[in-house]
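# Chain and residue survey
If you want the building blocks of each chain, they are given just below.
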Amino acid sequence: TAEEIPNTDIITLTRHILSDQLRLGAAATGDLTLLLNAIQTTSKFIATNVRKARLINLIGLAGETNVQGEEQKKLDVLSNDIMVNALRASRKTAVLVSEELDEAVLIEERLRGRYCVVFDPLDGSSNIDAGVNIGTIFGIYKVASEKGDVSDVLRPGKEMVAAGYTMYGSSCNLVLSTGNGVNGYTLDTALGEFILTHPDIQIPTRGKIYSFNEGNSSYFHPEVVNYLNSIKYPPAGKSPYSARYIGSMVADVHRTLLYGGIFGYPDDRKSKNGKLRLLYEAFPMAFLTEQAGGVATTGRGRILDIVPTSIHERCSVFLGSKDDVNDLLKFYEKA
Ligand code: AHG
Ligand code: MN
Ligand code: MN
Ligand code: MN
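So, how was this worked out
- Residues numbered from 1 in each chain as written.
- Chains lettered and ligands numbered in written order.
- Predicted model: local features only at pLDDT ≥ 70, side-chain atom pairs only at ≥ 80, totals over all residues.
- Helix = DSSP H or I, 4+ residues; strand = E, 2+ residues; numbered from the N terminus.
- Rg over C-alpha atoms; globule rule 2.2 N^0.38 Å.
- Buried ≥ 20, exposed ≤ 12 C-beta atoms within 10 Å, placed from the backbone.
- Contact = placed C-beta atoms within 7 Å.
- Near = placed C-beta within 6 Å.
- Nonpolar A, V, L, I, M, F, W, Y, C, P; charged D, E, K, R; others polar.
- Pairing = 2+ DSSP bridges.
- Axes fitted to C-alpha atoms, helices over the stretch in contact; angles between N-to-C directions.
- UniProt positions renumbered as here; feature names shortened; annotations may be inferred.
- Parallel < 35°, antiparallel > 145°, perpendicular 65-115°, else oblique.
- Left-handed = near helix turned anticlockwise from the far one by under 90°.

The next subject is the overall build of the protein. Within the protein, the secondary structure is distributed over seven helices and 15 strands. The globule rule puts the C-alpha radius of gyration for 335 residues at 20 Å, and the 20 Å found for the protein is close to it. C-alpha atoms of the protein, sized along the principal axes, occupy 60 × 55 × 45 Å. Taking all 335 residues of the protein together, 45% fall into the buried category. Long-range contacts, defined as pairs at least 24 residues apart, comprise 63% of the intrachain contacts of the protein with a sequence gap of at least 6.

Quick look at the structure:
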């Protein structure tokens, strides 16, 4: 039957970004294509280590604390090293910012290129030991200054030229936007290639799921509490929303992109600026959300408009289906 005949014309990530480059014609030098190629290799490399982590003693703490005061896991450190080495060697980067490094890395002249990459090498560290989905998040700016310095990454997220994440889950999925919609790819481990499986992802206009760490409810501002109550205790005749919270931003955002609904990590009375990091968590995810037709806000303004003042700063995050996020915003407007 037809189902048994394999597709002989698969679209790999490499093929897809190459055709994207050709679409831009002479304007494109191919540097971004090569950079994205380096990033997909890091994802494969991290994915294979994640899969065998339990077997090769890669579970547990590395023994150091990062600039955010978090205890680093061995996989945080390994993933960071994989990314820094590959991005530097790609010769396409000038500035790197990683969750796990206190300072921005300025690439030496010999290897310097024209792009800056901000990344969360391993997102969802607290889930590693339980084998729950984790990921890598990245955002890319084109260098604006002469040599490339920290000013090149202290720019609003709307200036990013690409953003994406890789999720290490029941399958390994890479989701990418170069500013022309969002595409999702699944790693075929036998081929060692990411195959286009989710072309042109569009967030449903409204969902049925909310995704917050409600353990923080007693610190939440009234706007957030009132919004959550409105979806948990809806007017007669309407169904309440379902709760889904994994605690890995990559996994929670991935589900939100595909199923719709709202993901939130608000600032509150305890965490004055929220928890998620602006540069390498909020910006890339806000970029993808908007590219997929959704909304990403702090509650008080568009995330992608924020001008960062330091590389590890945090911000309040709500993102997801347009109608759901706009419902939340009504509570902020009322306040
Ligand atoms: P990371 O593991 O990169 O430090 O990020 C953790 C983040 C993010 O993945 C997730 O959305 C959030 O922290 C979960 O925080 P809580 O455990 O406070 O819910
Ligand atoms: Mn961390
Ligand atoms: Mn993270
Ligand atoms: Mn991390």
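More follows now that the structure is in view.
Attention now moves to the site of ligand 1. Near ligand 1 you find 13 residues, and of these Asp123, Ser125, Asn213, Gly247 and Met249 are the closest. Its residues assigned to classes, the shell around ligand 1 shows two nonpolar, six polar and five charged.

Two strands in a sheet stick together by hydrogen bonds in their backbones, pointing the same way (parallel) or opposite ways (antiparallel). Spatial strand order, 12-11-13-15-14: five strands in an open sheet with mixed pairing. Pairing within the sheet leaves two strands with one partner each, and these edge strands are strand 12 (242-243) and strand 14 (295-297). As defined by bridge partners, strand 14 adjoins strand 15 (residues 317-320) across three bridges and the pair is classed as antiparallel. Counterpart to Thr297 in the pairing with strand 15 is Phe318.

Okay, the environment of Met249 next. On the secondary structure map, Met249 appears in helix 5 (residues 249-259). Taking the number of C-beta atoms within 10 Å as the measure of exposure, Met249 has 27 and is therefore buried. On a C-alpha basis, the gap between Met249 and Asp20 in space is 28 Å, while along the polypeptide they are 229 residues apart. Other than its neighbours up to four places away in sequence, Met249 contacts Asp123, Gly124, Leu276, Glu281 and Met285.

Here the focus is the sheet that holds strand 9 (residues 183-188). Reading across the sheet, the eight strands line up as 4-3-5-6-7-8-9-10 and stay open at both edges, with mixed pairing between neighbours. Of all the strands in the sheet, just strand 4 (105-106) and strand 10 (193-198) have a single pairing partner and so form its edges. Note: strand 3 (residues 93-98) against strand 5 (residues 115-123), five bridges, orientation parallel. Paired with Val95 across the two strands is Cys116, which belongs to strand 5. The strands touched by helix 3 (residues 74-89) are strand 3, strand 4, strand 5 and strand 6 (134-142); relative to strand 5, the strand with the most contacts, the crossing angle is about 160 degrees. Seen against the sheet, helix 6 (residues 278-291) touches strand 3, strand 5, strand 6, strand 7 (162-168) and strand 8 (172-177) and runs at an angle of roughly 80 degrees to strand 6.

Among the six residues that make up strand 8, six are buried, leaving the element largely enclosed by the rest of the structure. Taking every second residue as pointing to the same face, both faces of strand 8 are buried, with Cys172, Leu174 and Leu176 on one and Asn173, Val175 and Ser177 on the other. As defined by bridge partners, strand 7 adjoins strand 8 across six bridges and the pair is classed as antiparallel. When the bridges of strand 8 are listed, Tyr168 appears paired with Cys172. Pairing of strand 8 with strand 9, which is carried by four bridges, proceeds in the antiparallel orientation. Each bridged residue has a counterpart across the sheet, and for Asn173 the counterpart in strand 9 is Thr186. Here strand 8 folds back onto strand 9 in antiparallel fashion, the turn holding five residues, of which Gly179 has a positive phi close to 90 degrees.

This paragraph deals with the UniProt feature "domain: Fructose-1-6-bisphosphatase class 1 C-terminal" (unreviewed entry) in the protein. Per the UniProt annotation, the sites labelled "domain: Fructose-1-6-bisphosphatase class 1 C-terminal" (unreviewed entry) are residues 203-332. Overall, residues 203-332 shows 36% helix and 12% strand. The separation of its end C-alpha atoms is 23 Å.

Turning our attention to helix 5. Burial within helix 5 is extensive, with nine of its 11 residues counted as buried. Listed as buried for helix 5 are Met249, Val250, Ala251, Asp252, Val253, His254, Arg255, Thr256 and Leu257. Looking at the residues trailing helix 5, positive phi occurs at Gly260, about 85 degrees.

Locating Leu101 in the fold gives a position in the loop between strand 3 and strand 4. The partly exposed category is assigned to Leu101, around which 17 C-beta atoms lie within 10 Å. Note: C-alpha distance between Leu101 and Ala28 (73 residues apart in sequence) is 31 Å.

A few words now on the packing of helix 4 (residues 222-232) against helix 7 (residues 322-334). Closest axis-to-axis distance for the helix 4/helix 7 pair is 9 Å, and the angle between their directions is 135 degrees. In terms of orientation, helix 4 and helix 7 fall into the oblique class. Pair helix 4 / helix 7 crosses with right-handed handedness. Together, Glu223, Asn226 and Tyr227 of helix 4 and Asp327, Leu328, Phe331 and Tyr332 of helix 7 make up the contact between the two elements. Residue composition of the contact of helix 4 with helix 7, by class: four nonpolar, one polar and two charged.

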